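Residue-level listing of the chains:
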Amino acid sequence: MSEPGKISGERAMDSQAFEALVRQHHRRLLGYALALVPVRQVAEDLVQETFLTAYREMSRFETDRDFGAWARGILRNKYREWARRQREIPTDAATLNAIDEQHALWDRVEAAPGELLGALQDCIRKLPEVLRQVVDLFYMQRKPGAEVASNVSCDAATVRKRLQRAREQLAACVASVLGRETVRSPQ
Amino acid sequence: MSQDNSQPKAEPDLAPDPALRALDGMLRELARAGTGTDDAFVQRVMTAVRESDAETATGAVAAPLSAPHRVSQAQHRLAIPQLLAALVRTWRANVRPAWTTGLALACVALVAATLVIHCLTATGPSMCKVMDRELRYQFVLGSKLGLYVAEKYAGAKALVIVPPTVFGDGERRRNAVVDGLKEGFGGAITVVAEASPERPPVTDRRTTVGVSTGESGIPADMAAPQESYFTAEVFDRLVKKYAGKVDLVVTTIGLPQDMAKMEFWHMSSRPRLALAGGSVHELKNAFSTGAIVAAVAYSPCARYSDKPPASGVSEAFAERFLLITPENIEEISRQFPELFME
């Protein structure tokens, strides 16, 4: 059996074999894209383009490398192209590196596709009510900060602080749930 | 699995802390489609992959992903030469049974005959008319730039960077921009060489990963994006190869995506650089400092119509393009601020 994330050099990369890779990696790549561009349609387009490029360039893929990391490199370039076309200021290199590092750490601890998302969902349930509420409104219901503030009857600065605290607790919790210490902790 | 197909919605801000941005993205992904496989998205990707396979097999160019159904009739017609190219490439692959030779020849003859009949009989903006018009604009682009450079730097020796060919150097296609440049240069500028970045080696992607099986398949080189083979290093190598022999470089394919890494910018005695193609978005400073002596950009106020270009070069040029020079860069950037990065 091949190592998770690695592609067997013997396997012909027909579309069926490629579908297995798409199934294995699409959620993490979409998460990566959403960390760069928080717009679902754009993130989905970027990830689709990434998979298409990966499929076309598969013959250049070094089989001893991790497919997820390779695809993230392609996605990062797609994102830069997109930002240039949109004349948007791209995310700075330090932040991009931080995102890459975190995903690389998750690559090492996620035993199966979807484990990270499952852990994240469990951790949200464990948050204190006051933090879970803002996470639910902000992320799950996609409400802007001002609207979340109005919903929880406090000011926007308070919501920002609560969100920051929630993210820190979630990061620590995910590390704990995955059972490894390698997940990056917030400063 | 929930797939949000509703209208774009304003998204909450990203996490400000870089260390938590990845988590932020995964939270958004969790909100987007829950914890399991997003079957709808997987199917969407695989449909695109299969369509890409089919398009490659016919040599057609894939439409932009964000606008899969916006390919115009003219664009469909423009795919015919690419179909011919794909047939020729298959012919050259030399991995066919003998009987396919006759079939391929018959197909090529049939397509060629169809094209001729179509060009002679079609009404409206036929492929031939559209091609003629666009080639004329490309010629005008080159011509105007050539005239400007010839007037300003008469006596210069030029290297012209052109796109690599599909079939190899022996079969260089006619390039309307280069033809226009030469027309504009007249006798004032000598073209020392036309050079191209080297395309990556032809690969067959219907093979075992990383290992060519030699089985039949369409070479995938047409799909290789320019940024994959035209890099800062390649550009510098081209310029250095002709160092001392040329004092003007005109690129018809723009600059590499990683242009910031080009040693060219720091060369003590670099040739003058002119752009007959590509983006000028990040190049305002290069004009201001004189590193680029002229460039043609598509005008944000370009007028596109089915009418043929105006007969005069300057009039036709003004319908679509802007000539940007160190002298007018400030005026152009005031008039069209969207052309340049702030």
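Refer to the structure presented above.
Given the structure is predicted, the values throughout are model-derived calculations rather than measurements.

Asks: Looking at this structure, how should I read the overall build of chain A?
Replies: When helices and strands are tallied, chain A shows eight helices and zero strands. Ordered by position from N to C terminus, the α and β elements of chain A give α-α-α-α-α-α-α-α. Counting only residues that meet the buried cut, chain A has 51% of its 187 residues in that class. When contacts within chain A are restricted to residue pairs at least 6 apart in sequence, those whose partners lie at least 24 apart make up 62%.

Asks: Teacher, can you tell me more about the pairing of strand 3 (residues 248-251) of chain B here?
Replies: For a regular strand, the rule is simple: side chains alternate between the two faces of the sheet. All names here are of chain B. Across the two faces of strand 3 the burial is the same, with Leu-248 and Val-250 and Val-249 and Thr-251 all buried. With four bridges connecting them, strand 1 (residues 157-161) and strand 3 associate as parallel partners. Within strand 3, the position partnered with Leu-159 by the bridge is Val-249. In this sheet, strand 4 (residues 272-275) lies alongside strand 3 in parallel orientation, the contact comprising four bridges. Pairing of Thr-251 across the sheet is with Leu-275, part of strand 4.

Asks: Hey, could you run me through the nonpolar core in this one?
Replies: Phe-18, Phe-51 and Phe-67 of chain A are the most contacted members of the largest nonpolar core, which totals 69 residues. A per-element tally of this core places helix 1 (residues 15-36) of chain A first, with 10 residues. Here this core spans two domains, and each of domain 1 (1-90) and domain 2 (92-187) of chain A adds at least three residues to it. By size, the runner-up hydrophobic cluster in this structure holds 37 residues, among which are Val-234, Ile-253, Met-259 and Leu-322 of chain B.

Quick notes on the rules
- Residues numbered from 1 in each chain as written.
- Chains lettered and ligands numbered in written order.
- Predicted model: local features only at pLDDT ≥ 70, side-chain atom pairs only at ≥ 80, totals over all residues.
- Heavy atoms only, no water.
- Helix = DSSP H or I, 4+ residues; strand = E, 2+ residues; numbered from the N terminus.
- Buried < 20%, exposed > 50% of the residue type's maximum accessible area, 1.4 Å probe, protein only.
- Contact = heavy atoms within 4.5 Å.
- Pairing = 2+ DSSP bridges.
- Core = buried A, V, L, I, M, F, W, Y, C linked by side-chain atoms within 4.5 Å.
- Domains from an automatic or database assignment.

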